[in-house]
Amino acid sequence: MLDQAPIESALLIGDYKKIAGCAYERLEKTAGNGIKKADLEGSSRLALESGGVRYWELLFRPAGKNETKVDLSVVQTMWGPDTMSTAKIMPEVRACAT
């Protein structure tokens, strides 16, 4: 069974849609074409997927007036979570906050 629990969370200043859009652009430049973006009602998700495998996911949600809660999750595999390749994700996301 694959487990996906947040390994890092942040509360940022700014609209969640704007932060998610900015993060998508920044991460797409560094991670390449595997990043998928989905805008849902009340949240946005970014995920790195390749060959049917999801490596990590970011969830952006409103947390108050002009605040965004961001959760970074990595997929738990039988080898453990892939935290080595996620170290640069949250700094890119934080750079998008106003």
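Rules of the game
Residues numbered from 1 in each chain as written. Predicted model: local features only at pLDDT ≥ 70, side-chain atom pairs only at ≥ 80, totals over all residues. Heavy atoms only, no water. Buried < 20%, exposed > 50% of the residue type's maximum accessible area, 1.4 Å probe, protein only. Helix = DSSP H or I, 4+ residues; strand = E, 2+ residues; numbered from the N terminus. Pairing = 2+ DSSP bridges. Contact = heavy atoms within 4.5 Å. Disulfide = S-S within 2.5 Å.

Trainee: Would you mind going over the pairing of strand β5 (residues 67-74) in detail, with residue names and values included?
Mentor: With respect to burial, β5 is a largely interior element, six of its eight residues being buried. Judged from the seven bridges that link them, strand β1 (residues 6-13) and β5 form a sheet pairing that is antiparallel. Bridge pairing links Ser9 to Asp71 in β5. The sheet contact formed by strand β4 (residues 53-64) and β5 spans eight bridges and is antiparallel. Paired with Phe60 across the two strands is Val70, which belongs to β5. The turn joining β4 and β5, which pair antiparallel and follow one another in sequence, is formed by two residues; a positive phi near 60 degrees is taken by Asn66.

Trainee: I'd love a proper account of the environment of Leu11, names of residues and values included.
Mentor: Tracing the backbone through its elements, the reader meets Leu11 in strand β1. A C-alpha to C-alpha distance of 9.7 Å links Leu11 and Arg61, two positions 50 residues apart in sequence. Setting aside residues no more than four positions away along its own chain, Leu11 makes contact with Ala63, Glu67, Thr68 and Lys69.

Trainee: Go over the state of the cysteines with me, naming the residues and quoting the values.
Mentor: In this structure the tally under the stated criterion is one disulfide. Shown here is the disulfide that connects Cys22 with Cys96, its sulfur atoms set 2.1 Å apart. Linking Cys22 and Cys96, the disulfide has an S-S dihedral of approximately -75 degrees and is accordingly described as left-handed. Of the two residues, Cys22 is situated in helix α1 (residues 16-31) and Cys96 in the segment after α2 (89-94); the sequence distance between them amounts to 74 residues. The exposure class assigned to Cys22 is partly exposed, which follows from its relative accessible area of 24%.

Any functional reading would require information that these geometric values do not contain.
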